[in-house]
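# Survey of secondary and tertiary structure
Listed below, chain by chain, are the residues.
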Amino acid sequence: MLKNYFKTAIRTLWKNKVFSFINISGLAIGISASLVIYLIVSYDFGFDKFQPDSDRIYRVVANMKFPDQDIKLSGVPMPLKEASKKEITGVEIFAPFNLQNGDMNISIPIAGVNKPAVFRKQSDIIFADNNYFKITPYEWLAGSQQNSLEQPFSVVLTQSRAKTYFPYTDVSKVVGQTIIYNDSIKMTVSGVVKDIEAPTDFIFKEFISYSTITSSGIKDVMGLEEWGSISSSSQFFIKLNKGVTKFNIEKQVQTMFDKHQKDAFLKMTFSLQNLKDIHFNPDYGSFTDRQAHLPTLYGLLTVAVILLLLGCINFINLTTAQAAQRAKEVGIRKTMGSSRTQLLFQFISETFILTVTATLLSLALVPWLLKVFANFIPPALNTGMLYQTNVIVFIAILVLTVSLFSGFYPAVILSKYKPVQVLKNQSVTISGNTRRAWLRKSLTVTQFVVAQSFIIVALMVSKQIRFVLNKDLGFRKDGIVAIQTPSPARNIKEAKGTRNALLHKLEAIPGIEKICLAGSAPAANGYSVSTIKYNDGKKDIETTVEVKYADENYFKIYNMKLLAGKFLTPADSATGYVINANYAQFLGFKNPQEAIGKMLNRGDRPLPVVGVINDFYARSLHSPIKPLVYTTDAYGQGAFHIVLKPTTEADGWKNTISQVEKEYKAIYPGEEFRYNFVDEVIAKFYKSEQDISRLLKWATGLAIFISCLGLLGLVIYTTNLRYKEMGVRKVLGASVMQLFTLLSNDFIKLVLIAFIIAAPLAWYAANKWLQSFAYRTSISWWVFAVTIVLMILIAIITLSFKILKTAFENPVKSLRTE
């Protein structure tokens, strides 16, 4: 019986090749999108799922309160970790660890060789104790979880890092070997663990014993006794006892902190962040360069569902439209003894074969889609994941769901015809035909509502991206390169001398127009804030201010406008402040000149305001302009800012940067040369928005394509149904344009109705998205005008393929046969 169902289904689908192609194409697009999006979503939601008792594992995080701003940090004060072990109850495991700030250079002594093996710029290194491995389980290949990190100057390596440093195939031989960090700290390998293969934020490769901090000079820079000092490198994880609530522990931690640090300069509160939240919460960050964004993941799921629904709508539309053509088949089958259940299975089996074919086509498209969206999706995703059990189960469920959703209603419609009416050519009653026509129109309108909503939102996202990238930021950003120099470890004067020596060499390069030595660019990834006070004679005005370092040349390079006073002059230490207009207004000065000479107190050293500059956008346009000051400092001014001369040569700037690199390497032979174009850094502020724009463009194109496929199918059905009518009208004198207008009017009306519905929905969605920007473009009328004109043009072009062909045919051909 099943064999007969499938044989008949294949024969029917082959007979109707055009409609089968349209259905398969629509479903294939929807299923392809669903597969790729499922891979992305399942990957992100699978982070750290391997951790046992993850619901009881938390990270202690801090919230720092400034006068006008709250800052969230993933770290805690160093002494809080040790005090917690003595004063906090209800915790099963305390697991403190510290991230190594910056990369480290590794030396491996080799027996019989004077020169050690050197590995530069090694990252993913932490200081941890044995409890870390109780929080995050590893498979031990050598050493012991109980005591490998018990002694100072011990280190545990992952298998991949052990293979990098040592040539042994047997990792047990690595234990006992010596590793020297930054030419100063000598460690002994005490264990080797297998790399975590599952998705995880715990990407560390080297684990130095936590007791090494107190047994070495590292303790001098860690702030072991400073309750008022905090850094995100100081991490603290805990595992609660069963039945203990996070609120109970939060209260204990806060009480303990308040007891030890009653006069803290900054007010700090503490909370617990669950392990499952780390991969998704940008407030506190994770240990990887990439965090998932929950709204984006839910948006992707919505896109997948929409594209899948559009493909299903195509199938329902075209199948119900063809119902009359298969009415006699149903009548004959019922006359020969087929039950309605059997007919239902027959028609659903046709849908199943179509869906399976579309799925196979989708599987062929997935590798291509993964390459197209390589910059958007996680790097770990690959076609190998298609063979994982959960993906295979998802595909099976998807095929069955789509088959039932798409095929059930058409199967019910086709199987309910009565044989007597069918064989007397009375199969399609006026009421039944009207109901199905309204259903088809409603589904077609739904398709075009989705397509036009996508167009409007995509245009608005592109408009906002153009707005932020082209907006005058208040400083020059084009043709400027920023190069960071190594931070001075000990002697700041020596570091300044080295930098100045490089500065003089770079000034001699012909391709450089201007150059200065300063802090970060006006808009950069990182920033530093400080609390500054000003007394206006009545009260202290205290606020959080962003602090940058610069001199006179810096302001000229970036074309920053001086509103009052003067620019900063070169100095080894701070001698005054240049503030932005926003800060001057915040302090109550109506005129920038009024701020000149006023004393600002940062810490215990009051310094005068020597200049006021124009406001500029120091961060992305998501954030409003805030108070900012510039000052001078030999330590903070560690970056070169270079204006490249305009050139018509293809490799002009490239050659200049190569010359800069050569001079840099001569001064810093062991350091990696890194540079950034300022305008490219600013563009990266909006990478997520650019990814969304790219995704929307694809979704819009696919939605339009699927909608047009459905429209084309309905046009083919309509022209076939009215084939003789068009012949008669043409014989009676109707022109081709009149015939085209007659047949296309109904479809154009559906597009217009869809626009009326889509316009307010898309306006709401675009407006809500724009609210995330402090500075945003307007929702212009032309966006809606372009959308409706574009959609009507696309619909007319789609309709033309079949209508014009039919209208140009000789009417004799349509009238000579019955």
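A few words now on the overall build of the chain. Along the chain, the regular secondary structure elements total 23 helices and 24 strands. Put simply, the chain has 818 residues, and 50% of those count as buried. Considering only contacts within the chain whose residues lie at least 6 apart along the sequence, 81% involve residues at least 24 apart. Of the roughly 39100 Å² of accessible surface on the chain, a fraction of 57% belongs to carbon and sulfur atoms.

Let us look at the sheet that holds strand E23 (residues 639–644). Spatially, the 4 strands line up as an open sheet ordered E15-E23-E14-E24, and their pairing is antiparallel. Edge positions in the sheet fall to strand E15 (512–518) and strand E24 (675–677), since each of these pairs with one other strand and no more. When strand polarity is set aside, the average angle formed by the axes of neighbouring strands in this sheet is 20°. Judged from the 5 bridges that link them, strand E14 (residues 480–484) and E23 form a sheet pairing that is antiparallel. Bridge pairing in E23 places Ile480 opposite Val643.

Before going further, it helps to examine the side chain of Asp551. Residue placement: Asp551 occurs in the loop between strand E17 (540–549) and helix H15 (552–557). A relative accessible area of 8% means that Asp551 is categorised as buried. At 3.1 Å, the side chain of Asp551 forms a polar contact with the backbone nitrogen of Asn553. Setting aside residues no more than four positions away along its own chain, Asp551 makes contact with Cys516, Leu517, Leu568, Pro570 and Gln637.

This part covers the packing of aromatic side chains. Applying the stated rule across the entire model yields 46 aromatic pairs. Plain terms: the ring middles of Phe94 and Phe236 are 6.2 Å apart, the flat faces sit at 15° to each other, and that makes the pair stacked. Within this pair, whereas Phe94 is found in strand E3 (residues 91–99), its partner Phe236 is found in strand E12 (residues 234–240), the two being separated by 142 residues in sequence. Measuring from ring centre to ring centre gives 5.7 Å for Phe673 and Tyr675, while their planes differ by 40°; the resulting arrangement is tilted.

Of note in the backbone geometry, Asp48 takes a positive phi value of approximately 60° without being a glycine. Following the sequence through the fold, Asp48 ends up in the loop between helix H2 (17–45) and strand E1 (57–65). For Asp48, a relative accessible area of 5% gives the class buried.

For the rest of this paragraph, the subject is the pairing of E12. A large share of E12 lies buried, amounting to 7 of its 7 residues. Burial along E12 is two-sided: the face carrying Ser234, Phe236, Ile238 and Leu240 and the face carrying Gln235, Phe237 and Lys239 are both buried. Looking at chain direction, E3 and E12 are connected through 7 bridges and run antiparallel. Note on E12: the bridge partner recorded for Ile93 is Lys239.

Packing of H2 against helix H10 (residues 340–372) leaves a shortest axis separation of 7 Å and a crossing angle of 50°. In terms of orientation, H2 lies oblique with respect to H10. Viewed along their axes, H2 and H10 form a crossing whose handedness is right-handed. Residues Ser20, Asn23, Ile24, Leu27, Ala28, Ile31, Ser32, Leu35, Val36 and Leu39 of H2 form the contact with H10, whose own contacting residues are Leu354, Thr355, Thr357, Ala358, Thr359, Leu361, Ser362, Leu363, Leu365, Val366, Leu369 and Leu370. Considered class by class, the residues forming the contact of H2 with H10 number 15 nonpolar, 7 polar and no charged.

Let us now look at the layout of surface pockets. The calculated volume of the second largest pocket comes to roughly 830 Å³. Residue assignment for the lining of the second largest pocket shows that the elements contributing at least two residues are helix H8 (294–321), helix H13 (430–470), helix H19 (687–721) and helix H21 (736–770). Residue contributions to the lining of the second largest pocket peak at 7 residues, all from H8.

This brings us to the packing of helix H20 (residues 723–731) against helix H22 (residues 781–808). For the pair H20 and H22, interaxial distance at closest approach is 9 Å and the crossing angle is 50°. As the angle between them shows, H20 and H22 are arranged oblique. Crossing of H20 against H22: the hand is right-handed. Judged by residue contacts, Tyr723, Met726 and Lys730 of H20 engage Ile803, Thr806, Ala807 and Phe808 from H22.

Our next topic: the pattern of salt bridges. Close approach of charged atoms allows side chains of opposite charge to pair. What the rule picks out here adds up to 16 salt bridges. When the shortest N-O distance is used, the salt bridge between Asp53 and Arg56 registers 3.2 Å. You can call Asp53 partly exposed: its relative accessible area is 33%. Each of Asp53, Arg56, Glu92 and Lys239 takes part in a single network of salt bridges with overlapping partners.

We now examine empty space enclosed by the protein. In this structure the tally under the stated criterion is 5 cavities of 30 Å³ or more. As for the second largest cavity, its lining consists of 13 residues, of which Glu546, Ala618, Pro624, Ile625 and Lys626 are closest to the centre. Residues of the lining of the second largest cavity, tallied by class, amount to 7 nonpolar, 3 polar and 3 charged.

Our focus in this paragraph is the side chain of Thr656. Mapping Thr656 onto the fold places it in helix H17 (residues 652–667). Those residues in contact with Thr656 that sit more than four places away from it in its chain are Ile509, Gly511, Ile512 and Leu644.

This next bit is on the environment of Tyr549. Considering the arrangement of structural elements, one finds Tyr549 in strand E17. On the accessibility criterion, Tyr549 (18% relative accessible area) is buried. Sequence spacing of Tyr549 and Thr631 is 82 residues, and the spatial spacing of their C-alpha atoms is 5.0 Å.

Attention now moves to the environment of Ser233. Within the fold, Ser233 resides in the loop between helix H6 (211–214) and E12. Expressed as a C-alpha distance, the spacing of Ser233 and Gly75, which sit 158 residues apart in the sequence, is 6.1 Å. Setting aside residues up to four positions removed in sequence, Ser233 forms contacts with Phe97, Asn98, Leu99 and Asn101. A polar side-chain atom of Ser233 sits 2.9 Å from a polar atom in the side chain of Ser231.

Thresholds applied
- Residues numbered from 1 in each chain as written.
- Predicted model: local features only at pLDDT ≥ 70, side-chain atom pairs only at ≥ 80, totals over all residues.
- Heavy atoms only, no water.
- Helix = DSSP H or I, 4+ residues; strand = E, 2+ residues; numbered from the N terminus.
- Buried < 20%, exposed > 50% of the residue type's maximum accessible area, 1.4 Å probe, protein only.
- Contact = heavy atoms within 4.5 Å.
- Areas by Shrake-Rupley, 256 points an atom, 1.4 Å probe, with all protein chains shown as cover.
- Pairing = 2+ DSSP bridges.
- Axes fitted to C-alpha atoms, helices over the stretch in contact; angles between N-to-C directions.
- Polar contact = N/O pair within 3.5 Å; in protein donor to acceptor, adjacent residues only side chain to side chain.
- Phe/Tyr/Trp six-rings, centres within 6.5 Å; stacked < 30°, edge-to-face > 60°.
- Parallel < 35°, antiparallel > 145°, perpendicular 65-115°, else oblique.
- Left-handed = near helix turned anticlockwise from the far one by under 90°.
- Nonpolar A, V, L, I, M, F, W, Y, C, P; charged D, E, K, R; others polar.
- 1 Å grid on protein atoms, 1.4 Å probe; cavity = no way out; pocket = protein on both sides within 12 Å on 5 of 7 lines; lining within 4 Å.
- Points joined across faces, edges and corners; volume = space filled by probe spheres on them.
- Salt bridge = Lys/Arg side-chain N within 4 Å of Asp/Glu carboxyl O.

Remember that the coordinates give geometry; whether it matters functionally is a separate question.
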